[in-house]
Structures are given as structure tokens and as C-alpha cells.
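Commentary on secondary and tertiary structure
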Amino acid sequence: MTKRSSFADIPSVDKVISDDACRTLVSRYGHQFVTATARVILDDIRANLRDSGNDIASISVIIERIAQKISDESQFSLKPVINLTGTVLHTNLGRAALPESAISAMVTIARSASNLEFDLVRGKRGDRDEHIEKVITEMTGAEAATVVNNNAAAVLLTLNTLAMAKEVPVSRGELVEIGGSFRIPEIMTRSGCKLIEVGATNRTHLKDYAQVINKNTALLMKVHTSNYEIQGFTHSVADKEIALLAKRAGIPFVTDLGSGTLVDLTQFGLPHEPTAREAIESGADIVTFSGDKLLGGPQAGIIIGKRSLIDAIKANPLKRALRVDKLTIAALFEVLKLYRNPERLTDSLPTLKYLARSVEEINQLAQAVLPAFVEALGEKASVEIRDTFSQIGSGSLPLDLLPSKSISISSKAKRQSDQHLQEIAGMFRALPIPVIGRLNDGKLLFDLRTLVSSKDLISQLGQLGLTGKA
Ligand SMILES: *Cc1c(COP(=O)(O)O)cnc(C)c1O
């Protein structure tokens, strides 16, 4: 027992690896990975002995530590979370949750070879857009369509194709930053075109566009300012008027809808957001919008419009760099198909289900999970149901807050109650399936608008282990 440890007592890597207890690890994770992990653990032990003279662990303890490290490193950092932030389309939480039909389509296509770019009738090379173009044009009334990685890519590719080394007038009221450093002026520079700012921040008139059109003007562009709104003494030019002006000048009119939607959202009690069809009907030659915002699908950028312009966009070598993969195409098709039956969307499409959820239904969910919150938090915090507002997120309809219900937690700590709440929020985030809320006005709120399953949430809360602790 009193024997002093020395470096000579540290077993060799070979000795550890060939131990019976290590054999299952080796057969499961491979000789190379287990050996490398063993080396790291043994190096640690050596360093520990050198620095603090600590006793050397027995070989079985060393193997346990190797197994623990392997298990830690096998955890994927990207994992499901329970989004109770009150933001339905939360960019940092992966935006739209997909419907089951889209998920199974992805799984089917992932599992084997497919006719992604193969024409089964002619036995020749095909085009991946062909699987998706028809349903997009059906939903939007556009002549042609193509799909890229996201809407930022759609804007970049459109401008690079149609406006490289030329001028593009845009209203000063529309020079938006979308977040994650996507700013219209910068994307224009990167697309190789020159932004010509027209009008003022709050007011832009048709003559402002007309004045700057010259032989170097490539197109007119309108950006849907989805993540903010200018109110008060404002004026912007209607799409129809810009379209007419562009037509007279013989140049295309491009609209970036940002979120965009395929249906009239007012039928679900939501505020109006321009639809892709409306944009086309107003005379836009090209319209771009996002796949995973209000559309509720996979991350994608959808470009629709005139056949000749879409053909030019598809012929741009950058299209190859920005194209979508087969899984996205599979999921997008299934999501678009759901729009054939708009009345059922609040059942069939998770994004619309959450957006259209009534306060009564949210309140029922709140009542159902309240006792589990009370139990998990014990005496240390007070828990109640509060009226709150959720938001759509992803820069959609920024001013329109949806009435909702949240579980509201406030600290009973007399001092540093903010810090206490932060700690509680941290413990919710540390759950096996992390539960993400939001801190607001001295309270930790869990908005139930986006709750998928009360049962799953309650089972997570059971593991919180806060009672008597925090
Ligand atoms: C969100 C948004 C984009 C970018 O769309 P992503 O799909 O996130 O790349 C572009 N333009 C506008 C106006 C937007 O709101």
C-alpha cells in the first residue's frame, strides 16, 4: 500500500492492449483507434506522476478510462434538442423540422443508387433538376425552376449569371443584412456586379430607378425586407411598376423574396407574406426564395422564372458548386407535394402546424407539462404558466408576434437570482436531449408552441435532478 509509484510501474501500451478486458474494445473499435486512445491515457498518467507524484492506477482502471474516453469521443456533437425558445424557425436550431414523408424519402434515396442524373427512358445522362422542376412550376406558376444550396446561393448565382460586371440598382431601403454576414451589398460585390443605390432609406420612387438606368444596367432588383420593417413616412415602388419599367428598358426584373411562401398564410390566421406565385404574377422574371423558412422544407434556395433566364443560370459553372444533393431533392419534392392540399398543411407540415397552433392548444400542452416542471425544480424556483409571444423567426414577418403560453421559471434566490436562472438554463441544456428556452425579463421561459411530444419533454425533466440541488 505504501509502495511509491515510479515510471517503471506504468504498463506499456502493448500490455494494456493485450489485456483480456481490452479485447472487446479492440474488436469493437479497432486496434488502431484503441491503441491511440491508450497512448493518450498512459501519457496522462505519466504527466500526472511527474507533476504531482500521483499513484498509478491499476490496469483495470486504466482500461476503464480508455473505455470512457472512447465512449466520450463516440458522441456526436450534433444532436436533437427540444426547441422551446418561442422562435419557430430558429436558424441556430436548424430551422424547419421535416415531415415524416420527407424523412423517409431521404432515407430511401440515401440507401442505394438512384437515377439522380440519369434518364431512365433514353438511358442517357439526365438533369437532377428534372425531378423537382415540375412540382415547383406547378406550385408557383413559373415557366422554369432550379434549386441550389440555399437562398443566399440563389441570389449569388442569379446576380453572377445575369449581372456580372454590370450595374444593379437597389433601393436604399432594401440593403438588408440577413445575419451570418449575408448582406445584400456584399453579396452583390461577390457576385461581380456593381450596386447602384437608389432612393432613400424610407422612400424610394419609380423615378429613382428610371434615372439610373443606362446601357450598363443588368437588371432591376427588389429585396423583400423580411427581417425588419420601415414604418412611418415611407414609400416603396410596387413590384408591378418596377416590372414594367424593367420591361421597357429590356432588362430582367429579379425579386429576392427571402422567406417566401407558396400559400396565403392568412387562411391559417397568420399575417400575409408575399407568395412566389404573386411575385411571378407581378411581373418578376426571376424570383428566389428559401427552402427551410416558411416553406418548411430542407435547406435549399429555389430559383423560378423565365425559361431563358433559368437556362442561363443553370449553365453558369457556379451552379455546379452550389447545387443541391439528392437527399435535399428527395425531401423537397415530398414537402412541395403537401402544398397540393393546403387545407391539410397544418397537420401535414410541422412548420405550419406550429405556426398555426392555437393558444388554447398551447395552453393544454402547458397544463400537461406543468407538474413535471414543478417536480423537477422543487422548492428552488417558482413555476407558472404565463402569456407570452412566439415569433416566426428566420427573418420572416418580424413584427408579427404570435400569442402563446410558456412555462415561466423565476428564481427564489434572494441574491444573484439572474445567475441562478442562468444555472438552471444550463442544466436544461445539459440534458441528454437538451431543452432550450429563453431568458426574458428575469424569467426563464419555455414556450410550448413548438413542443413535439409532452411525453418526451416530461421524460427529460425527470432526469434534471435539480430537486434539492440548484
Ligand atoms: C433569409 C434570406 C436570404 C437567405 O436565405 P437562406 O436560405 O438562409 O440562405 C436571402 N435574402 C433574404 C431577403 C432573406 O430573408
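First, a word on scope: everything that follows refers to the structure included in this document.

Conventions we followed
- Residues numbered from 1 in each chain as written.
- Predicted model: local features only at pLDDT ≥ 70, side-chain atom pairs only at ≥ 80, totals over all residues.
- Heavy atoms only, no water.
- Helix = DSSP H or I, 4+ residues; strand = E, 2+ residues; numbered from the N terminus.
- Buried < 20%, exposed > 50% of the residue type's maximum accessible area, 1.4 Å probe, protein only.
- Contact = heavy atoms within 4.5 Å.
- Areas by Shrake-Rupley, 256 points an atom, 1.4 Å probe, with all protein chains shown as cover.
- Lys, Arg positive; Asp, Glu negative; His and termini not counted.
- Charge placed at Lys NZ, Arg CZ, Asp CG, Glu CD.
- Axes fitted to C-alpha atoms, helices over the stretch in contact; angles between N-to-C directions.
- Parallel < 35°, antiparallel > 145°, perpendicular 65-115°, else oblique.
- Nonpolar A, V, L, I, M, F, W, Y, C, P; charged D, E, K, R; others polar.
- Left-handed = near helix turned anticlockwise from the far one by under 90°.
- Pairing = 2+ DSSP bridges.

Our focus in this paragraph is the overall build of the protein. Helix and strand counts for the protein come out as 19 helices and 17 strands. By residue count, 47% of the 470 residues in the protein fall in the buried class. Intrachain contacts of the protein at a sequence separation of at least 6 include 74% that bridge at least 24 residues. Surface accessibility of the protein: about 23700 Å² in total, with carbon and sulfur atoms responsible for 50%. Between the centroid of the 56 positive side chains of the protein and the centroid of its 53 negative side chains there is a distance of 3 Å.

Glancing now at the packing of helix α17 (residues 359–377) against helix α19 (residues 454–461). Contact geometry for α17 and α19: axes closest at 9 Å, N-to-C directions at 10°. By the angle class used here, α17 and α19 are roughly parallel. Counting all contacts with α17, which are made through L365, A368, V369, A372, F373 and A376, the residues of α19 involved are S454, L457, I458 and L461. Of the residues belonging to the contact of α17 with α19, the class tally is 9 nonpolar, 1 polar and no charged.

Our next topic: the environment of A145. Inspection of the secondary structure puts A145 in strand β4 (residues 144–148). Separated by 158 residues in sequence, A145 and I303 place their C-alpha atoms 5.6 Å apart. Ignoring any residue separated from it by four or fewer positions in sequence, one finds A145 in contact with D129, E133, I136, T137, I303, I304 and I310.

The next point concerns the packing of helix α2 (residues 20–29) against helix α4 (residues 59–74). At a minimum axis distance of 10 Å, the contact between α2 and α4 shows a crossing angle of 20°. In terms of orientation, α2 lies roughly parallel with respect to α4. In this structure, the crossing between α2 and α4 has a hand that is left-handed. Counting all contacts with α2, which are made through A21, C22, L25 and Y29, the residues of α4 involved are I63, I66, A67, I70 and S74. Of the residues belonging to the contact of α2 with α4, the class tally is 8 nonpolar, 1 polar and no charged.

Moving on, we come to the pairing of strand β14 (residues 402–411). A large share of β14 lies buried, amounting to 9 of its 10 residues. Here strand β13 (residues 381–390) runs beside β14; their pairing, made up of 10 bridges, is antiparallel. Note on β14: the bridge partner recorded for A381 is S411. With 4 bridges connecting them, β14 and strand β17 (residues 443–447) associate as antiparallel partners. Paired with S406 across the bridge in β17 is D447.

Moving on, we get to the sheet that holds strand β16 (residues 438–440). A sheet is described by the order of its strands in space; here 4 strands give the open sequence β13-β14-β17-β16, paired in antiparallel fashion. The sheet is open, and its two borders are formed by β13 and β16, each paired with just one other strand. With direction set aside, neighbouring strand axes in the sheet form an average angle of 35°.

All right, on to the sheet that holds strand β12 (residues 301–305) then. The strand order across the open sheet built from 5 strands is β4-β12-β11-β10-β9, with neighbouring strands paired in mixed fashion. The open sheet has two edge strands with one neighbour each: β4 and β9 (220–223). Shown here is a sheet whose adjacent strand axes are inclined to one another by a mean of 15°, direction ignored. Where β4 and β12 come together, 5 bridges link them in antiparallel fashion. When the sheet's bridge partners are listed, V147 is paired in β12 with I302. Helix α7 (residues 151–163) rests against β4, β9, β10 (253–258), β11 (286–290) and β12 of the sheet, and its axis sits at about 160° to β11. Helix-sheet contacts for helix α12 (residues 307–315) involve β4, β11 and β12, and the interaxial angle to β4 is about 30°.

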